[in-house]
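Structural overview
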Amino acid sequence: MVTRCIRIDKDNIDESMLRMAGEVIKDGGLVAFPTETVYGLGGDGLNSASSEKIYAAKGRPSDNPLIVHIADMNDLEKIAYDIPELAYKLAEKYWPGPLTMIFKKKDIVPYETTGGLDTVAVRFPSHPVAREFIKCAGGFVAAPSANLSGRPSPTSADHVREDLDGRVDIIIDSGMCDIGLESTIIDFSEEEPMLLRPGFVSDRMLEDVIGNVTKDPAVFGDTVTGVAPKAPGMKYRHYAPKGMLTIVEGNPEDVSKYILEQIKTCGDKRIGVITCSDKTAVYSDAAFVGDIGNRGDEYTIASRMFDLLRQCDENEVDIIFSEEFNTPQLGQAIMNRLIKAAGHTVIKV
Ligand code: TXA
Ligand code: MG
(Lines give C-alpha, C1' and ligand atoms only; values in the text may rest on other atoms or scores of the structure.)
(Ligands and ions follow the chains in the order given, each with its own letter.)
Protein backbone atom coordinates (compact mmCIF):
# COMPACT_ATOMS: atom_id res chain seq x y z
CA MET A 1 0.00 0.00 0.00
CA VAL A 2 1.22 3.50 -0.81
CA THR A 3 0.81 5.85 2.13
CA ARG A 4 -0.19 9.38 1.30
CA CYS A 5 0.91 12.17 3.67
CA ILE A 6 -1.17 15.32 3.90
CA ARG A 7 -0.15 18.39 5.85
CA ILE A 8 -2.96 20.19 7.69
CA ASP A 9 -2.38 23.42 9.57
CA LYS A 10 -4.36 23.25 12.80
CA ASP A 11 -4.89 27.03 12.77
CA ASN A 12 -6.15 27.06 9.20
CA ILE A 13 -7.82 23.75 8.53
CA ASP A 14 -8.31 22.58 4.95
CA GLU A 15 -11.78 21.05 5.26
CA SER A 16 -11.77 19.42 1.84
CA MET A 17 -8.65 17.40 2.71
CA LEU A 18 -10.26 16.21 5.94
CA ARG A 19 -13.44 15.25 4.10
CA MET A 20 -11.31 13.16 1.75
CA ALA A 21 -9.57 11.49 4.73
CA GLY A 22 -12.97 10.94 6.35
CA GLU A 23 -14.20 9.13 3.24
CA VAL A 24 -11.21 6.80 3.45
CA ILE A 25 -12.30 5.81 6.98
CA LYS A 26 -15.93 5.35 5.88
CA ASP A 27 -14.66 3.06 3.10
CA GLY A 28 -12.88 0.89 5.66
CA GLY A 29 -9.39 2.40 5.28
CA LEU A 30 -6.86 3.58 7.88
CA VAL A 31 -5.79 7.17 8.59
CA ALA A 32 -3.19 8.27 11.16
CA PHE A 33 -4.17 11.61 12.68
CA PRO A 34 -2.87 14.08 15.28
CA THR A 35 -4.37 14.52 18.73
CA GLU A 36 -3.25 16.69 21.63
CA THR A 37 -1.73 13.61 23.32
CA VAL A 38 -0.10 11.45 20.63
CA TYR A 39 -0.89 10.52 17.01
CA GLY A 40 -3.65 7.93 16.59
CA LEU A 41 -4.01 5.11 14.02
CA GLY A 42 -7.66 5.54 13.06
CA GLY A 43 -10.28 3.30 11.53
CA ASP A 44 -14.08 3.14 11.67
CA GLY A 45 -14.83 2.10 15.28
CA LEU A 46 -18.19 0.61 14.31
CA ASN A 47 -16.76 -1.57 11.54
CA SER A 48 -15.25 -4.85 12.72
CA ALA A 49 -13.13 -5.24 9.58
CA SER A 50 -11.56 -1.81 10.15
CA SER A 51 -10.60 -2.70 13.70
CA GLU A 52 -9.03 -5.93 12.48
CA LYS A 53 -7.02 -3.88 10.00
CA ILE A 54 -5.80 -1.62 12.81
CA TYR A 55 -4.49 -4.59 14.79
CA ALA A 56 -2.74 -5.94 11.70
CA ALA A 57 -1.16 -2.59 10.76
CA LYS A 58 0.15 -2.06 14.28
CA GLY A 59 1.16 -5.67 14.93
CA ARG A 60 -0.94 -5.51 18.07
CA PRO A 61 -2.41 -8.48 19.97
CA SER A 62 -6.16 -8.48 19.30
CA ASP A 63 -7.10 -8.83 22.99
CA ASN A 64 -5.92 -5.26 23.53
CA PRO A 65 -8.95 -2.98 23.06
CA LEU A 66 -9.06 0.26 21.09
CA ILE A 67 -10.27 3.69 22.23
CA VAL A 68 -13.24 5.06 20.28
CA HIS A 69 -12.82 8.78 19.58
CA ILE A 70 -15.87 11.01 19.30
CA ALA A 71 -16.30 14.69 18.47
CA ASP A 72 -19.79 15.35 19.74
CA MET A 73 -21.05 14.84 23.30
CA ASN A 74 -24.38 13.52 21.90
CA ASP A 75 -22.54 10.58 20.36
CA LEU A 76 -21.44 9.16 23.73
CA GLU A 77 -24.82 7.58 24.49
CA LYS A 78 -24.95 6.01 21.03
CA ILE A 79 -22.11 3.66 21.96
CA ALA A 80 -22.21 3.44 25.79
CA TYR A 81 -24.83 2.94 28.53
CA ASP A 82 -25.04 3.11 32.33
CA ILE A 83 -23.04 6.33 32.29
CA PRO A 84 -22.86 7.64 35.86
CA GLU A 85 -23.36 11.28 36.86
CA LEU A 86 -19.71 11.52 37.93
CA ALA A 87 -18.59 10.72 34.39
CA TYR A 88 -20.71 13.56 33.02
CA LYS A 89 -19.08 15.87 35.57
CA LEU A 90 -15.62 14.82 34.36
CA ALA A 91 -16.72 15.25 30.75
CA GLU A 92 -17.91 18.74 31.51
CA LYS A 93 -14.56 19.66 32.99
CA TYR A 94 -12.04 17.75 30.87
CA TRP A 95 -13.73 16.99 27.52
CA PRO A 96 -12.70 17.72 24.91
CA GLY A 97 -9.27 16.77 26.22
CA PRO A 98 -6.76 14.11 27.25
CA LEU A 99 -9.13 11.90 29.23
CA THR A 100 -10.53 8.48 28.26
CA MET A 101 -13.52 6.99 30.09
CA ILE A 102 -14.64 3.36 29.99
CA PHE A 103 -18.33 2.38 30.03
CA LYS A 104 -20.52 -0.60 29.23
CA LYS A 105 -20.74 -0.85 25.46
CA LYS A 106 -23.84 -0.88 23.29
CA ASP A 107 -24.24 -3.62 20.66
CA ILE A 108 -23.40 -1.21 17.86
CA VAL A 109 -19.72 -1.36 18.94
CA PRO A 110 -18.21 -4.59 17.59
CA TYR A 111 -16.16 -6.87 19.84
CA GLU A 112 -13.30 -6.49 17.39
CA THR A 113 -13.02 -2.88 18.55
CA THR A 114 -13.16 -3.70 22.26
CA GLY A 115 -10.82 -6.68 22.21
CA GLY A 116 -13.73 -8.95 23.15
CA LEU A 117 -14.75 -6.89 26.19
CA ASP A 118 -18.30 -5.75 27.04
CA THR A 119 -16.95 -2.27 27.73
CA VAL A 120 -15.82 0.54 25.46
CA ALA A 121 -13.18 3.21 26.05
CA VAL A 122 -14.29 6.64 24.80
CA ARG A 123 -12.31 9.82 24.28
CA PHE A 124 -13.30 13.25 22.97
CA PRO A 125 -9.99 14.84 21.91
CA SER A 126 -9.47 18.60 21.86
CA HIS A 127 -7.08 18.86 18.89
CA PRO A 128 -8.96 20.87 16.23
CA VAL A 129 -7.78 18.64 13.37
CA ALA A 130 -8.77 15.49 15.28
CA ARG A 131 -12.23 16.88 16.00
CA GLU A 132 -12.92 17.88 12.44
CA PHE A 133 -11.51 14.63 11.08
CA ILE A 134 -13.65 12.50 13.42
CA LYS A 135 -16.77 14.35 12.26
CA CYS A 136 -15.84 13.82 8.60
CA ALA A 137 -15.19 10.12 9.32
CA GLY A 138 -18.68 9.45 10.63
CA GLY A 139 -18.20 10.27 14.31
CA PHE A 140 -16.63 7.12 15.78
CA VAL A 141 -12.92 6.66 15.09
CA ALA A 142 -11.23 3.71 16.80
CA ALA A 143 -7.57 4.52 17.36
CA PRO A 144 -4.64 3.20 19.32
CA SER A 145 -1.44 5.22 19.36
CA ALA A 146 0.01 5.22 15.82
CA ASN A 147 3.21 3.31 16.62
CA LEU A 148 4.16 -0.28 15.87
CA SER A 149 3.27 -2.38 18.90
CA GLY A 150 5.97 -2.08 21.56
CA ARG A 151 7.59 1.08 20.13
CA PRO A 152 7.48 4.53 21.78
CA SER A 153 4.22 6.41 21.09
CA PRO A 154 4.42 8.88 18.18
CA THR A 155 4.41 12.58 18.98
CA SER A 156 5.10 13.74 15.40
CA ALA A 157 4.09 12.66 11.90
CA ASP A 158 7.73 11.65 11.28
CA HIS A 159 7.43 9.10 14.08
CA VAL A 160 4.27 7.75 12.45
CA ARG A 161 6.00 7.49 9.07
CA GLU A 162 8.91 5.61 10.65
CA ASP A 163 6.53 2.94 11.96
CA LEU A 164 3.56 2.86 9.60
CA ASP A 165 4.68 3.92 6.12
CA GLY A 166 3.09 1.45 3.73
CA ARG A 167 0.68 0.21 6.41
CA VAL A 168 -1.93 3.00 6.40
CA ASP A 169 -3.72 4.86 3.59
CA ILE A 170 -3.11 8.39 4.86
CA ILE A 171 -1.01 10.17 7.48
CA ILE A 172 -2.30 13.62 8.49
CA ASP A 173 0.65 15.76 9.56
CA SER A 174 -0.16 18.68 11.88
CA GLY A 175 3.24 18.95 13.56
CA MET A 176 4.21 17.99 17.11
CA CYS A 177 1.60 16.94 19.67
CA ASP A 178 1.24 19.41 22.55
CA ILE A 179 1.13 16.98 25.47
CA GLY A 180 3.14 14.02 24.23
CA LEU A 181 1.77 11.47 26.72
CA GLU A 182 -1.32 9.34 26.12
CA SER A 183 -4.62 10.16 27.81
CA THR A 184 -5.53 9.39 31.39
CA ILE A 185 -7.88 6.37 31.51
CA ILE A 186 -10.63 5.99 34.10
CA ASP A 187 -13.02 3.04 34.22
CA PHE A 188 -16.71 3.73 35.00
CA SER A 189 -18.00 0.31 34.02
CA GLU A 190 -18.08 -1.00 37.58
CA GLU A 191 -19.47 0.22 40.91
CA GLU A 192 -16.45 2.38 41.82
CA PRO A 193 -14.51 4.46 39.28
CA MET A 194 -10.96 3.20 38.88
CA LEU A 195 -7.94 4.93 37.39
CA LEU A 196 -6.26 2.54 34.92
CA ARG A 197 -3.57 4.70 33.29
CA PRO A 198 -1.99 7.95 34.52
CA GLY A 199 -1.87 10.85 32.06
CA PHE A 200 -2.04 14.61 31.75
CA VAL A 201 -5.24 14.71 33.84
CA SER A 202 -3.67 13.83 37.19
CA ASP A 203 -5.37 12.02 40.09
CA ARG A 204 -5.64 15.39 41.87
CA MET A 205 -7.43 16.91 38.91
CA LEU A 206 -9.84 13.95 38.86
CA GLU A 207 -10.41 14.04 42.61
CA ASP A 208 -11.16 17.77 42.50
CA VAL A 209 -14.22 16.90 40.42
CA ILE A 210 -15.40 13.45 41.58
CA GLY A 211 -13.77 12.85 44.98
CA ASN A 212 -11.72 9.82 45.88
CA VAL A 213 -10.54 7.66 42.95
CA THR A 214 -9.31 4.10 43.38
CA LYS A 215 -6.20 3.26 41.37
CA ASP A 216 -5.49 -0.01 39.64
CA PRO A 217 -2.97 -1.59 42.07
CA ALA A 218 -1.32 -3.51 39.24
CA VAL A 219 -0.35 -0.18 37.64
CA PHE A 220 0.12 2.20 40.55
CA GLY A 221 1.44 -0.16 43.25
CA ASP A 222 5.06 0.08 44.42
CA THR A 223 5.54 -3.61 44.01
CA VAL A 224 4.64 -5.88 41.13
CA THR A 225 1.48 -7.67 42.36
CA GLY A 226 1.25 -10.49 39.84
CA VAL A 227 -2.35 -9.36 39.16
CA ALA A 228 -3.06 -8.34 35.56
CA PRO A 229 -3.83 -4.64 35.04
CA LYS A 230 -7.44 -3.86 34.06
CA ALA A 231 -6.40 -2.04 30.89
CA PRO A 232 -5.02 -4.99 28.89
CA GLY A 233 -2.46 -2.77 27.16
CA MET A 234 -0.78 -1.88 30.43
CA LYS A 235 0.61 -5.41 30.76
CA TYR A 236 2.70 -5.37 27.62
CA ARG A 237 6.33 -4.28 27.38
CA HIS A 238 5.99 -0.92 25.80
CA TYR A 239 7.59 2.22 24.54
CA ALA A 240 10.84 0.31 24.33
CA PRO A 241 13.82 1.75 22.46
CA LYS A 242 16.24 -0.77 20.91
CA GLY A 243 19.01 0.16 23.34
CA MET A 244 18.84 -1.17 26.91
CA LEU A 245 17.38 1.54 29.12
CA THR A 246 18.17 1.93 32.82
CA ILE A 247 16.68 4.62 35.06
CA VAL A 248 19.11 5.96 37.65
CA GLU A 249 17.57 7.32 40.85
CA GLY A 250 19.30 9.24 43.61
CA ASN A 251 20.51 12.72 44.42
CA PRO A 252 21.65 14.54 41.26
CA GLU A 253 25.37 14.44 42.08
CA ASP A 254 25.40 10.71 42.75
CA VAL A 255 23.38 10.08 39.59
CA SER A 256 25.88 12.01 37.42
CA LYS A 257 28.82 10.29 39.10
CA TYR A 258 27.31 6.87 38.42
CA ILE A 259 26.48 7.58 34.78
CA LEU A 260 29.92 9.13 34.09
CA GLU A 261 31.55 6.03 35.53
CA GLN A 262 29.49 3.87 33.15
CA ILE A 263 30.52 6.03 30.18
CA LYS A 264 34.17 5.69 31.17
CA THR A 265 34.06 1.91 31.55
CA CYS A 266 31.70 0.94 28.72
CA GLY A 267 34.39 -0.15 26.26
CA ASP A 268 33.09 -0.01 22.68
CA LYS A 269 29.41 0.18 23.67
CA ARG A 270 27.59 3.35 22.64
CA ILE A 271 25.99 5.07 25.62
CA GLY A 272 23.05 7.47 25.48
CA VAL A 273 21.95 9.70 28.36
CA ILE A 274 18.56 11.36 28.87
CA THR A 275 18.90 14.32 31.18
CA CYS A 276 17.70 17.86 31.91
CA SER A 277 19.18 20.89 30.13
CA ASP A 278 21.39 21.88 33.10
CA LYS A 279 23.26 18.54 32.93
CA THR A 280 23.81 17.94 29.21
CA ALA A 281 27.35 19.37 29.23
CA VAL A 282 28.37 16.95 32.00
CA TYR A 283 27.87 13.99 29.65
CA SER A 284 29.75 15.28 26.63
CA ASP A 285 31.64 11.97 26.35
CA ALA A 286 28.47 9.97 25.77
CA ALA A 287 27.60 8.89 22.20
CA PHE A 288 24.24 10.68 22.50
CA VAL A 289 22.86 13.15 25.03
CA GLY A 290 19.13 13.82 24.98
CA ASP A 291 18.09 17.17 26.44
CA ILE A 292 14.61 16.67 27.91
CA GLY A 293 14.17 20.31 28.95
CA ASN A 294 14.49 22.40 32.08
CA ARG A 295 14.06 20.57 35.35
CA GLY A 296 11.16 22.80 36.38
CA ASP A 297 9.31 22.54 33.07
CA GLU A 298 7.39 19.30 33.31
CA TYR A 299 5.26 19.96 30.23
CA THR A 300 8.37 20.06 28.06
CA ILE A 301 9.78 16.97 29.78
CA ALA A 302 6.55 15.08 29.04
CA SER A 303 6.40 16.22 25.43
CA ARG A 304 10.01 15.29 24.61
CA MET A 305 10.27 11.90 26.26
CA PHE A 306 9.02 9.61 23.48
CA ASP A 307 10.95 11.57 20.86
CA LEU A 308 14.18 11.16 22.82
CA LEU A 309 13.66 7.41 23.15
CA ARG A 310 13.37 7.28 19.36
CA GLN A 311 16.44 9.50 18.94
CA CYS A 312 18.43 7.00 21.02
CA ASP A 313 17.57 4.41 18.35
CA GLU A 314 18.53 6.73 15.51
CA ASN A 315 21.89 7.28 17.18
CA GLU A 316 22.37 3.52 17.46
CA VAL A 317 22.88 3.62 21.17
CA ASP A 318 23.43 0.24 22.91
CA ILE A 319 22.84 1.37 26.49
CA ILE A 320 20.72 4.27 27.70
CA PHE A 321 20.74 5.88 31.13
CA SER A 322 17.96 8.24 32.12
CA GLU A 323 17.46 10.36 35.18
CA GLU A 324 14.11 10.05 36.94
CA PHE A 325 11.61 12.86 36.38
CA ASN A 326 9.33 12.84 39.40
CA THR A 327 7.75 16.19 38.65
CA PRO A 328 4.71 17.47 40.61
CA GLN A 329 1.72 17.06 38.26
CA LEU A 330 2.91 14.85 35.42
CA GLY A 331 5.63 12.89 37.23
CA GLN A 332 3.46 9.84 37.75
CA ALA A 333 2.50 9.69 34.08
CA ILE A 334 6.04 10.37 32.85
CA MET A 335 7.63 7.76 35.11
CA ASN A 336 4.92 5.19 34.30
CA ARG A 337 6.04 5.32 30.63
CA LEU A 338 9.75 5.54 31.34
CA ILE A 339 9.74 2.62 33.77
CA LYS A 340 7.91 0.48 31.21
CA ALA A 341 10.34 1.53 28.49
CA ALA A 342 13.12 0.38 30.83
CA GLY A 343 11.41 -2.97 31.44
CA HIS A 344 11.47 -1.96 35.16
CA THR A 345 15.25 -1.65 35.28
CA VAL A 346 15.79 1.03 37.92
CA ILE A 347 19.07 1.53 39.82
CA LYS A 348 19.15 3.47 43.08
CA VAL A 349 22.53 5.13 43.74
O1 TXA B 1 -4.09 9.55 24.20
C2 TXA B 1 -4.50 8.42 23.87
O3 TXA B 1 -5.25 7.76 24.60
C4 TXA B 1 -4.09 7.91 22.48
C5 TXA B 1 -4.68 8.82 21.42
C6 TXA B 1 -4.47 8.31 20.03
O7 TXA B 1 -6.05 9.03 21.70
N8 TXA B 1 -4.51 6.53 22.31
C9 TXA B 1 -3.92 5.49 22.99
O10 TXA B 1 -4.42 4.25 22.63
O11 TXA B 1 -3.05 5.65 23.80
P12 TXA B 1 -3.67 2.89 22.99
O13 TXA B 1 -4.46 1.85 22.27
O14 TXA B 1 -2.25 2.97 22.66
O15 TXA B 1 -3.92 2.72 24.52
C16 TXA B 1 -5.23 2.46 24.99
C17 TXA B 1 -5.19 1.73 26.29
C18 TXA B 1 -4.66 0.32 26.19
O19 TXA B 1 -3.83 0.07 27.32
C20 TXA B 1 -5.93 -0.53 26.26
O21 TXA B 1 -5.69 -1.79 26.82
C22 TXA B 1 -6.82 0.33 27.14
O23 TXA B 1 -6.56 1.64 26.73
N24 TXA B 1 -8.27 0.08 26.90
C25 TXA B 1 -8.97 0.37 25.78
N26 TXA B 1 -10.24 -0.03 25.91
C27 TXA B 1 -10.36 -0.59 27.13
C28 TXA B 1 -11.42 -1.21 27.85
N29 TXA B 1 -12.64 -1.35 27.31
N30 TXA B 1 -11.16 -1.68 29.10
C31 TXA B 1 -9.93 -1.55 29.65
N32 TXA B 1 -8.87 -0.96 29.01
C33 TXA B 1 -9.10 -0.51 27.78
MG1 MG C 1 -0.24 2.76 22.74
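Right, let's walk through the structure included here. Only a predicted model underlies this, so the values are computations on that prediction, with no experimental measurement involved.

1. A short note on the site of ligand 1
Not every one of the 27 residues close to ligand 1 is listed here, only the nearest: Thr-37, Asn-64, His-69, Ser-183 and Gly-233. A distance of 2.7 Å separates an oxygen atom of ligand 1 from a polar side-chain atom of His-69. Protein contacts shield 97% of the accessible area of ligand 1, which totals 690 Å² for the unbound molecule. Elements that contribute at least two residues to the shell around ligand 1 include exactly β4 (67–69) and β7 (119–123). Tallying contributions element by element places β7 first for the shell around ligand 1, with three residues. Looking at side-chain class alone, the shell around ligand 1 contains 14 nonpolar, eight polar and five charged residues.

2. Notes on the packing of helix α4 (residues 85–94) against helix α7 (residues 203–210)
At their nearest, the axes of α4 and α7 sit 9 Å apart, and the two run at 120° to each other. What the angle tells us is that α4 and α7 run oblique. As α4 packs across α7, the resulting crossing turns out to be right-handed. Here Leu-86, Lys-89, Leu-90, Lys-93 and Tyr-94 of α4 come into contact with α7, specifically with Met-205, Leu-206, Val-209 and Ile-210. In the contact of α4 with α7, the residues fall into seven nonpolar, no polar and two charged.

3. Quick notes on the pairing of β7
Of all five residues in β7, four are buried, a share of seventy percent or more. Note that β4 and β7 share three bridges and pair parallel. Pairing of Val-68 across the sheet is with Val-122, part of β7. Pairing analysis gives five bridges linking strand β6 (residues 99–105) to β7, with the strands arranged antiparallel. The residue bridging Thr-100 from the neighbouring strand is Arg-123, located in β7.

What counts and how
- Residues numbered from 1 in each chain as written.
- Chains lettered and ligands numbered in written order.
- Predicted model: local features only at pLDDT ≥ 70, side-chain atom pairs only at ≥ 80, totals over all residues.
- Heavy atoms only, no water.
- Near = heavy atom within 4 Å.
- Polar contact = N/O pair within 3.5 Å; in protein donor to acceptor, adjacent residues only side chain to side chain.
- Areas by Shrake-Rupley, 256 points an atom, 1.4 Å probe, with all protein chains shown as cover.
- Helix = DSSP H or I, 4+ residues; strand = E, 2+ residues; numbered from the N terminus.
- Nonpolar A, V, L, I, M, F, W, Y, C, P; charged D, E, K, R; others polar.
- Axes fitted to C-alpha atoms, helices over the stretch in contact; angles between N-to-C directions.
- Parallel < 35°, antiparallel > 145°, perpendicular 65-115°, else oblique.
- Left-handed = near helix turned anticlockwise from the far one by under 90°.
- Contact = heavy atoms within 4.5 Å.
- Buried < 20%, exposed > 50% of the residue type's maximum accessible area, 1.4 Å probe, protein only.
- Pairing = 2+ DSSP bridges.

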